Amino acid sequence: MNASAAWQHLEPKVAAINRRIDELEWEPSRRNNFVSYRPEMDSPYVEVDGERLLMMSGYGYIGLGGDERVAAAAKAAIDQYGTGTPGVRALAGTIPLHEELEAEVARFTGRENALVFSSGYAANVGTVGALAGAGDTVLLDKLDHASIVDGAQLSGATVTRFRHNDPRHLDLRLAATNPSGTRLVVVDSVYSMDGDIAPLPELREVCDKHGALLMVDEAHALGVIGATGRGIEEHFGGEVKADIKVGTLSKAVPSNGGWIVGSADFLQYLKRHARPFLFSAALAPAQAGAALESLRILDREPERVTYAQRESARFRQVMSDAGMNTGASQSAVVPLIVGSDENAWEFATACRKAGVVGLPVITPAVPPGLARLRIAITAKHSRADIDFAIDAFLTAARQCHLIGE
Ligand code: PMP
């Protein structure tokens, strides 16, 4: 690295990361991060380093990545509006396609209005920052996504964490907060590393008891839970509502962008207070076109959702019957928890040799001793693909002595 004095404080951090990567990735087949995958459009297979592998760690839950109708909509958007937007939404950046997409997001999620951001990350940072500030309190589940944590920290509000999926602990935390400002509780509907679901009815009860707002992040819930993929409210029968719902257009919906839904008044306020909305370029036309078409397909083809739900339940069952730890997963995200970081790395390498990509998640993304492969079952995986993956995972797990012969 540059030897100048200006770099001296950074050098130990850079060296430590490089050392850790060398320890884990001492041969090409052990490389798991920043690998470039060439996807097949009509299957869940990818090509990497000349090998054809079955991808089991992607987030295309409803199998629309590579869908010809979605690609055609993205191309039509480019033909009509060009490749970029000439500004932020508040100035020259809004096109009719943004408004059509917002109307569809609002309709699909059952709210009056929607606003789309240029990423899910920006939607969370902007929304939390617009809802809470100095004198307010934001209460976060211990496993909330980083974009929620960052939004809370940037907001200037007091930030408190409560134990994962524990409404009683939230109750205690709320009882100890200052009741004079806004109190905002934020949870993920489905947790991205565990696949478990927030207990919406109990959280709603606790929030109502203390006069707190409840915000849910539907990133891994839209297209995944609820009978027609409408997320956590539908999952719990549709009666119990969150105050604020946000989500992304980069998981079940194969595009980019984030969304928030709510009343027209509230969104008008948000348009003028959410800094990532005000100060970052509008969603590109192709992204908006792809997202709009994907939501329309999701609406017309709910069988994609039920198929992935059924197949993920089967996958979970087979894996846990075989002795693998799938944690508290209740959704298409299924962790295979194997203990140490090294175990996860060895297991991922053995899976790859068996023809399957299962990507490891290690500390600090998960607590020490809970490293895992984070698997997602999607509508693009046929039953035969899933059976092949099951065989590969179990063969690799036996080789790595994670389960018995
Ligand atoms: N929320 C959750 C729960 C997520 O998992 C992610 C992405 N990993 C985001 C928000 C951010 O979404 P995006 O990648 O679209 O910015």
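Reading the values: the criteria
One numbering rule holds for all chains: residues counted from 1, following each sequence as written. Totals for whole chains, interfaces and linings use every residue, but because this is a predicted model, local features are given only for residues with pLDDT of at least 70 and side-chain atom pairs only at 80 or more, for both listing and counting. As a rule, any residue with its backbone-derived C-beta atom within 6 Å of a molecule or strand is reported as near that molecule or strand. Here a helix means four or more residues in a row that DSSP labels H or I, a strand means two or more in a row labelled E, and each is numbered from the N terminus. When residue character is reported, Ala, Val, Leu, Ile, Met, Phe, Trp, Tyr, Cys and Pro are called nonpolar, Asp, Glu, Lys and Arg charged, and the others, Gly included, polar. Here the C-beta atoms are placed from the backbone, and a residue counts as buried if at least 20 other C-beta atoms lie within 10 Å of its own, exposed if 12 or fewer do, and partly exposed otherwise. A pair of strands counts as paired when DSSP detects no fewer than two bridges linking them. By convention, a crossover is right-handed whenever its connection, traced from the first strand over the helix to the second and viewed with the strands pointing away, goes clockwise. UniProt positions are given in the numbering used here, feature names are shortened, and annotations may be inferred rather than shown by experiment. Inter-axis angles, ranging from 0 to 180 degrees, are taken between N-to-C directions of lines fitted to C-alpha atoms, where helices are fitted over the stretch in contact. In what follows, roughly perpendicular refers to angles from 65 to 115 degrees, roughly parallel to angles under 35, roughly antiparallel to angles over 145, and oblique to any angle outside these ranges. Should the near helix be turned anticlockwise from the far one by less than a right angle, the crossing is left-handed, and should it be turned clockwise, the crossing is right-handed. It is the C-beta atoms, placed from the backbone, that decide contacts: two residues are in contact if theirs lie within 7 Å.

**Some words on the site of the ligand**
Within the structure, the ligand sits among 14 residues, and S119, G120, H145, A219 and T248 are positioned closest to it. In terms of residues, the shell around the ligand owes the most to one element, helix α5 (residues 120–131), which gives 3 residues. Residues belonging to the shell around the ligand are distributed by class as follows: 2 nonpolar, 10 polar and 2 charged.

**What to know about the pairing of strand β7 (residues 183–188)**
With respect to burial, β7 is a largely interior element, 6 of its 6 residues being buried. Every second residue of β7 is oriented toward a common face, with R183, V185 and V187 on one face and L184, V186 and D188 on the other, all of them buried. Pairing geometry for strand β5 (residues 137–141) and β7, over 4 bridges, is parallel. Across the sheet, V138 pairs through a bridge with L184, a residue of β7. Following the backbone out of β7, through helix α8 (residues 200–210) and into the adjacent parallel strand β8 (residues 213–217), one traces a crossover that is right-handed.

**Describing the UniProt feature "domain: Aminotransferase class I/classII large" (unreviewed entry) in the protein**
Listed under "domain: Aminotransferase class I/classII large" (unreviewed entry) in the UniProt record, and renumbered for this structure, are residues 64–392. For residues 64–392, the helix share is 46%, the strand share is 16%, and the end-to-end C-alpha distance is 25 Å.

**Quick look at the packing of helix α7 (residues 167–175) against α8**
It is the contact of α7 with α8, at a shortest axis distance of 9 Å, that shows an interaxial angle of 15°. Of the possible angle classes, the one that applies to α7 and α8 is roughly parallel. Both α7 and α8 take part in a crossing whose hand is right-handed. When α7 is examined against α8, the residues P167, L170, D171 and L174 are found in contact with a partner set consisting of E202, L203, V206 and H210. Grouping the amino acids of the contact of α7 with α8 by side-chain chemistry returns 5 nonpolar, 1 polar and 2 charged.

**Quick notes on the pairing of strand β4 (residues 113–117)**
The buried fraction of β4 is high, at 4 of 5 residues. Relative to strand β10 (residues 258–262), β4 runs antiparallel, the two sharing 5 bridges. Bridging from a neighbouring strand, N113 pairs with G262 of β10.

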